Structure formats: C-alpha cells, structure tokens
Amino acid sequence: MTRRRRATRRLLLGVVTAAAVTAAGLVVGGPATTDHAEAAAGCRIYVASGDDVVNGKELDDNAKRFPEQLLEDHLKSPGWCLYNQGKNGVTTASYISSGPMSSAYNMRPDLHTLTLGEQNKPAVDLIDSCFSKVKDHDFAGATACATAVLANTSLWSGIKSNNTTILATEKIMASQRPGLVIALTGYPNPYPRAEDVVDEIVQLCVPLIDTIPTCTARWAQLPAALLAIDQAFTKLNTTIKESLAPYQAGPNGWRYVFVDVNPKFEDHCMTMKVQIKTKVEHPELSGQVHQHDSPTVNFGCSEEWWVEGSTGRALPTYLIPATPGVLIDFSQTTEGMGVMPNADGHQCIADAIWEADTIDPGTTPLKWKLGYGEASTTDYCQ
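Going along each chain's sequence as written, the residues are numbered from 1 onward. Per-residue local features are limited, in this predicted model, to residues with pLDDT of at least 70; the limit for side-chain atom pairs, both in listing and counting, is 80 or more; totals at the level of whole chains, interfaces and linings are taken over all residues. Each side-chain value is worked out from all heavy atoms of the structure, with water and hydrogens disregarded.

A. Fine view of the overall build of the protein. Looking only at helices and strands, one finds 15 helices and 9 strands in the protein. Taking as baseline every contact in the protein between residues at least 6 positions apart, the subset at least 24 positions apart corresponds to 77%. Per-residue accessibility takes into account occlusion by the displayed protein chains alone, with areas from the Shrake-Rupley method and a 1.4 Å probe. Total accessible area on the protein is roughly 16,700 Å²; 54% of this is exposed by carbon and sulfur atoms. Each helix corresponds to a stretch of at least 4 residues labelled H or I by DSSP, and each strand to a stretch of at least 2 residues labelled E; elements are numbered beginning at the N terminus. Two residues qualify as a contact provided that any one of their heavy atoms is within 4.5 Å of a heavy atom in the partner residue.

B. Up close: a nonpolar patch on the surface. Residues forming no salt bridge and having over 30% relative accessible area are the ones grouped into patches, like charges within 9 Å of each other and nonpolar side chains (Val, Leu, Ile, Met, Phe, Trp, Tyr) within 5 Å. A pair is scored as a salt bridge if a Lys or Arg side-chain nitrogen falls within 4 Å of a carboxyl oxygen belonging to Asp or Glu. Side chains of Val289, Val326 and Ile328 sit close together on the surface and give an oily, nonpolar patch of about 230 Å² of accessible area. Within the fold, Val326 resides in strand E9 (residues 326–335). In this scheme, a residue with accessible area under 20% of its type's maximum is buried, one over 50% is exposed, and one in between is partly exposed, where area comes from a 1.4 Å probe on protein chains only. The partly exposed category is assigned to Val326, whose relative accessible area is 42%.

C. Structural detail: the pattern of salt bridges. Evaluation of the coordinates by the stated rule reveals 8 salt bridges. Among the ionic pairs, Lys367 bridges to Glu355, the shortest N-O distance being 2.6 Å. Taken together, the positions of Lys367 in helix H15 (residues 366–369) and Glu355 in helix H14 (residues 343–355) put the pair 12 residues apart, joining distant regions of the chain. Like Lys367, the residue Glu355 is buried in the burial classification.

D. Molecular detail of the nonpolar core. Ranked by internal contacts, the top residues of the largest apolar core, which has 102 residues, are Tyr46, Leu75, Leu111, Trp219, Ile276, Phe299 and Leu366. The leading source of residues in this core is helix H12 (residues 222–248), at 11 residues. Those residues in contact with Leu366, other than ones at most four positions away along the chain, are Leu111, Val181, Ala183, Val257, Ile353, Trp354, Glu355 and Ala356. Take the buried Ala, Val, Leu, Ile, Met, Phe, Trp, Tyr and Cys residues and link them wherever side-chain atoms come within 4.5 Å; each set so joined is a nonpolar core.

E. Region of the structure containing the sheet that holds strand E2 (residues 80–84). Pairing is parallel across the open sheet formed by 5 strands, whose spatial order is E2-E1-E3-E4-E5. Two strands in the sheet have a free side with no partner beyond their single neighbour: E2 and strand E5 (256–259). Along the sheet, successive strands turn relative to each other by an average axial angle of 15 degrees, direction set aside. Interaxial angles span 0 to 180 degrees and are taken between N-to-C directions of axes, which are lines fitted to C-alpha atoms, for helices over the stretch in contact. Those strands touched by helix H4 (residues 66–75) are strand E1 (44–50), E2 and strand E3 (111–115), and its axis lies near 170 degrees from that of E2. Pairing between strands is defined by DSSP: at least two bridges between them are needed.

F. Expanded view of the packing of aromatic side chains. Think of it this way: a Phe, Tyr or Trp ring, Trp meaning its six-membered ring, pairs with another when their centres are within 6.5 Å, and the plane angle makes it stacked under 30 degrees, edge-to-face over 60, tilted otherwise. Tallied over the full model, the rule gives 7 aromatic pairs. Ring geometry for Phe265 against Trp306: centres 5.5 Å apart, planes inclined by 55 degrees, an arrangement best described as tilted. Linking Phe265 in helix H13 (residues 262–265) with Trp306 in the loop between strand E8 (297–298) and E9, this pair joins segments that are 41 residues apart in sequence. Summarising the burial analysis for this pair, Phe265 and Trp306 share the class buried. Summarising the aromatic geometry, the rings of Trp354 and Tyr372 are spaced 4.8 Å apart at their centres and angled 70 degrees between planes, so their arrangement reads as edge-to-face.

G. Inspection of the environment of Leu59 at higher detail. Inspection of the secondary structure assignment puts Leu59 in the loop between helix H3 (52–55) and H4. Non-local contacts of Leu59, meaning those with residues more than four positions away in its chain, are made with Lys64, Arg65, Val307, Pro341, Asn342, Ala343 and His346.

H. Representation of helix H8 (residues 139–151) in the model. Helix length check: H8, at 13 residues, gives a terminal C-alpha distance of 18 Å against a target of 18 Å (1.5 Å per residue), a fit within 8%. Where H8 is buried, its residues meet helix H7 (129–135), helix H9 (153–176), helix H11 (212–219) and H12. One less than the residue count of a helix, multiplied by 1.5 Å, gives the span that helix is expected to have.

I. Just the side chain of Asn163, in detail. Tracing the chain through its elements places Asn163 in helix H9. Classification of Asn163 by relative accessible area gives buried; the value is 4%. Reaching out from Asn163, the side chain makes a polar contact with the side chain of Ser243 at a distance of 3.2 Å. With residues up to four places along the chain from it excluded, the contact list for Asn163 reads Thr92, Leu184, Ile240 and Ser243. N or O atoms closer than or at 3.5 Å make up a polar contact, with two conditions inside protein: a donor-capable atom paired with an acceptor-capable one, and, for residues adjacent in sequence, both atoms drawn from side chains.

J. Looking closely at the pairing of strand E7 (residues 288–293). Here strand E6 (residues 273–282) pairs with E7 via 6 bridges, running antiparallel. Residue Glu281 lies in a different strand from E7, and its bridge partner there is Val289. The hairpin formed by E6 and E7 contains 5 residues between the paired strands, and Ser286 there has a positive phi angle of roughly 60 degrees.

K. Summary view of the packing of H4 against H14. Between H4 and H14, the shortest axis-to-axis distance is 8 Å and the interhelical angle comes to 55 degrees. With respect to H14, the element H4 is oriented oblique. In this structure, the crossing between H4 and H14 has a hand that is right-handed. Residue-level contacts link Phe66, Gln69, Leu70, Asp73, His74 and Leu75 of H4 to Ala343, His346, Gln347, Ile349, Ala350, Asp351, Ile353 and Trp354 of H14. Here the term charged refers only to Asp, Glu, Lys and Arg, the term nonpolar to Ala, Val, Leu, Ile, Met, Phe, Trp, Tyr, Cys and Pro, and the term polar to all other amino acids, Gly among them. Along the lines of polarity and charge, the residues of the contact of H4 with H14 split into 8 nonpolar, 4 polar and 2 charged. Any angle between 65 and 115 degrees counts as roughly perpendicular, while under 35 counts as roughly parallel, over 145 as roughly antiparallel, and the rest as oblique. Here a crossing is called left-handed whenever its near helix is offset anticlockwise from the far helix by less than a right angle, and right-handed whenever the offset is clockwise.

Next up, the structure:
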C-alpha cells in the first residue's frame, strides 16, 4: 500500500469515527481512545467517576442518572462528551487500584465529578445492615450499627488517605488541563430525621389497644437510631469535604469544589409506611378475640427522592405479651423504604453540582468556573 493510500485510509477512518460519535449524541461510554474521540467530536470532556449512585443503581433508565441529567440540562450536548464510569460497589481504594483512576486520567477531562466513600466498609452498613435493622424494627440494633460506623476511626482516616492519593492525581491532571474543575460530591441521608417521627409513634401504637405498651417501648427507640445514622452520614460528608481543604487552599483552589447535596434532601427522605395488625384473645372475657390494627402510618417523607424498595414483613415479636390477653396473631408491613436516589433525586444532585460553591460560598458556583454566565441561585432542587 502506498503512503498516499495509507494517508487517505487514515483520513476516512477519522471521518467514520467522528460520524459514529456524533450519531451517539456525543455521549461516549468507555475510556478507549479518548483523545481521538475528543478531537473527532470537538467537545469538552466530562468524566463522572464513582459508585452505585453514579451508576444509577435501581434506576430503570441510564438517562435519569445525574451525570446524564447534568449534561442534558446544564452542560448542553453537543458541546460536551460524557464518560460515565460509575460502577456498583466501587470504594475509594478500588477506584485507585482497579483502574478507574488511571482511566479518568487518560480521558483528559475538563470537568471531573467523584462520588466515593459510601461503599467503603463499614460505611456501606448505613445503607445495608443498618437499613435492614430499621426495616425490621430492630431499632436498638440499628443504633448499635450506626454507632459502630461512626466510631470506626480507620474508616475515616482511610477515606482521607485515599482521597489524598486521588486528589494528587487530579492535581497533575489540572496542571495539564488549565480549565479542569474537580467536584467531590457528598451523600444524602435517605432516612427520616429523628425529630420528625415522634408524633407518628403515637398514631401507630395507640390503635393497637392491647399492645400499646410493647409497641411504644419498641418504637420509642426509633429516634435514637435515626439520630445515630444521621451523625454517621454527617461524618461521611465532613470527611469528604475535609479531604479537599489542602487543595482548596492552594493557588488553584478554585478548581476544587465540594458539593453538599444532603440539605436539599431533608424534606425528601425515603417513604416508610408501616401498618401493624394484631389479634388478641381475652380469657378474662370468656375467650373473646379482638382484632386491633393500626392505620398505615408514614414515618418518612410524602415526596421522596428514593427508589422504593421491597416490603418488609418481619414478624413484630416485640409486641408480646399483650396486656391483658394473649396475642394469637400479629403481622406488620413496612413499605417504600429505599436508599438509592430516584430520577428526581438524581436531578437534584445534578442541579447541586451545577450551583456548587467552593472557597467563597455564594460567589463562585461551579458553572461560572466552566465559563457559563448564568446567574447564581440557591433556589434549586424544588
């Protein structure tokens, strides 16, 4: 093959590559040949790295994930190419060791969002074993679970250490990409807040009549569990934010942004609809049997931003004994609880990233750093 024919072939291959990227809507899924894709597409690069949240776990459509919504609503394709490399189960350590960090580096991003830490052990217990205990009404167990997460100093030091390694690589990337902006996102707490469930305990337990004392004794433990879980989520977000501090203090500190999404989710916690049914035999009343059921009481939020999970049906054995009488049949259903953001939750995360502030809160939203002239606002996630 002559030199001219080889050159012609390379030119045609480049045209085909560019056409393929354009046909895909300038949203690219993999790390290979990033520079070629960038040149062919003529777009800026947005890399979204992280765990289950970035990957849109439990969503029914990838277009609902926050990186895709950020691209569609704010960055505006075709000006940008998105590489979403989120993967379920990724931790800060596996992000470094299993390839995503080097892959992100090779993509040469202009915007890089990182959502890491919630899947680190034992922080993952907050949405796993602690969650199961709340769903099964083992509130003392949930408190112990969350307290153990909060007290695990190696967890928090490990996140900081790994983030230091990650951000050191980001610093090298920033030296090669003058306009690169790096955003670390925090995590929303999916649970209802402790102060919001007190009235609901009365609504649930009083209609049970014969098991009011045992019901109340158990559910009075719920606020402490929710408080411990909230403290652990606060520690997780604080640790992520503190990891950025040394980099924000430098001459290029404007590049590093922490995105605090948790406050916007407070009124949009998971749904937690509970109903208890009981049947009690009364020997003192000639063996009469009484059915006493609670109404369905929602301990969570009515407008949740979480994918609803399966129904909990663990037997409420904590209702034994009934006074007076014998508890001969009992059941409960706990509906709606979920820990992965739904489409509305992902929309809020995307909006929070777009409006996120850094060193001078209220004055330097991320969108300004990327060259967008829109007015800054705190009125988002409505």
